[in-house]
Amino acid sequence: MTQKTPLFTEPDMHKPLLKIACISVFMILAMPGLCQKVFMSDNRNSDKFTYGLFYPVAGQFRNPIASTNNSLSYPLPFISLGSEHPRGYGKRNDFPEWGLNYFLNQIRHNPDGTKTNWCAGSIYLLYKYDVFPQNKYIDLYFGGGGLAGTQVLTARKTRTETYFNFNASLIPHIEFRAQPLKRISVGASANFLYDGTKTKWYGFGEKTYPVGYSRLTGTMVKFFIGWCYGN
C-alpha cells in the first residue's frame, strides 16, 4: 500500500522570517556607508561675553610709583570678548578660541595727595579639547594658550606721569559649559597666567624705571554667556 502525497502541505513560516531578518541586518550594516555618516560634535561657532576677576600674585604685582603706598586691592575685575570657530563646523572636538581682555580701571587716592589710575589690556589665543564632544547640554574643556598685553598707570599730583610695561603669559585653561538652549550657552572657566617676561615699567620723557619689573602672574576666573550660530 503506497502512501499518498497530500494535495496541500502546511507552509514553513520560518523561512520567510529568516529572509526578512537577513535583509534587515544587511540594511542596518549598509546604512552608515550609504549615508556617509561622520562624527559630529555639538560644538558650533560661538561669540562670548565674559566678566571675570583676576587674582594676582601679590609678590610679583609691583607698583611703578615707589614713593606712594598704592598697592592695588585684588581681585581686579575685567571684561572679555571672545570667539570660537570649530574646524569643519563641529566635526572635530578640538578648536581655538581668541579674544580681547580689558582690566577695568582702578583709581586710588593716596595719603600724599597723589591720584593714580591703573588699567590693562591684552589679547589671548587658546586651543581647547572637549571631553564630552557629543553631549549637547554639558561640556568640559581642557586646553592652553598664550596672552600678550600691557598695563598702564597714570599718576597725578602736581603734574601727570604715565608708566607702562608689556607682559606675555602662558595660560593653562579649564572650562565648564552648559547649553540649555540651542543658541545660548553659559559657563565658567579658570586660567593661571604665568608671566615670564620680567618687563620693566617705562615712563615718558626721562624714561625712568621706578621699579625693576612687574609680572601679571595670577589666576583669572571667568563667568561668560555665549551666542552660538551656524549649523
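Residues numbered from 1 in each chain as written. Predicted model: local features only at pLDDT ≥ 70, side-chain atom pairs only at ≥ 80, totals over all residues. Heavy atoms only, no water.

**So, the overall build of the protein**
So, step 1. Of the regular secondary structure elements, the protein holds 1 helix and 9 strands.
So, step 2. Going residue by residue from the N terminus, the α and β elements of the protein occur as α-β-β-β-β-β-β-β-β-β.
So, step 3. Counting every position in the protein, which comprises 231 residues, the buried fraction comes to 37%.
So, step 4. Contacts in the protein between residues far apart in sequence, at least 24 positions, make up 67% of those at least 6 positions apart. (Helix = DSSP H or I, 4+ residues; strand = E, 2+ residues; numbered from the N terminus. Buried < 20%, exposed > 50% of the residue type's maximum accessible area, 1.4 Å probe, protein only. Contact = heavy atoms within 4.5 Å.)

**Remarks on a nonpolar patch on the surface**
So, step 1. Taken together, the side chains of F49, Y51, I79, L81, Y102, V186 and I225 present a nonpolar region at the surface, about 610 Å² in accessible area.
So, step 2. For the nonpolar patch, the secondary-structure elements that each account for two or more residues are strand 1 (45-56) and strand 2 (76-84).
So, step 3. Turning to its location among the elements, I79 is positioned in strand 2. (Patch = residues over 30% accessible without salt bridge, like charges linked within 9 Å, V, L, I, M, F, W, Y side chains within 5 Å. Areas by Shrake-Rupley, 256 points an atom, 1.4 Å probe, with all protein chains shown as cover. Salt bridge = Lys/Arg side-chain N within 4 Å of Asp/Glu carboxyl O.)

**Quick notes on the side chain of S214**
So, step 1. With respect to the helices and strands, S214 occurs in the loop between strand 8 (202-203) and strand 9 (218-229).
So, step 2. For S214, a relative accessible area of 0% gives the class buried.
So, step 3. One polar contact links S214 to Q151, side chain to side chain, over a distance of 3.5 Å.
So, step 4. Not counting residues up to four positions away in its chain, the partners in contact with S214 are Q60, F61, R62, Q151, N165, D195, T199 and W201. (Polar contact = N/O pair within 3.5 Å; in protein donor to acceptor, adjacent residues only side chain to side chain.)

**Considerations on the nonpolar core**
So, step 1. Grouped together as the largest cluster of nonpolar side chains are 19 residues, with contacts concentrated most on F54, F103, W118, L147, L153 and M220.
So, step 2. With residues up to four places along the chain from it excluded, the contact list for F103 reads F54, P77, F78, W118, C119, A120, G121, S122 and M220. (Core = buried A, V, L, I, M, F, W, Y, C linked by side-chain atoms within 4.5 Å.)

**Here we look at the pairing of strand 3 (residues 94-109)**
So, step 1. Where strand 2 lies against strand 3, 7 bridges are found, and the strand directions are antiparallel. From the neighbouring strand, G82 faces strand 3, where its bridge partner is G99.
So, step 2. The antiparallel hairpin formed by strand 3 and strand 4 (residues 115-130) contains 5 residues in its connecting segment, where G113 sits at a positive phi of about 95 degrees. (Pairing = 2+ DSSP bridges.)

**Details of the pattern of salt bridges**
So, step 1. Enumeration over the complete set of coordinates arrives at 9 salt bridges.
So, step 2. Linking K128 and E84 is a salt bridge whose minimum nitrogen-to-oxygen distance equals 2.6 Å. With K128 in strand 4 and E84 in strand 2, the pair connects residues that are 44 residues apart, well separated along the chain.
So, step 3. Take E84: its relative accessible area is 1%, and that puts it in the buried class.
So, step 4. Note that R177 is salt-bridged to E175, the shortest N-O span being 2.8 Å.

**A word on the packing of aromatic side chains**
So, step 1. Enumeration over the complete set of coordinates arrives at 6 aromatic pairs.
So, step 2. Grouped by ring-pair contacts, the aromatic residues F54, F78, F103 and W118 constitute a single cluster.
So, step 3. Against the face of F224 rests K48, its NZ or CZ located 4.0 Å from the ring centre.
So, step 4. Seen from the ring of Y141, K128 lies directly overhead, with NZ or CZ sitting 4.8 Å from the centre. (Phe/Tyr/Trp six-rings, centres within 6.5 Å; stacked < 30°, edge-to-face > 60°. Lys NZ or Arg CZ within 6 Å of the ring centre and 35° of its normal.)

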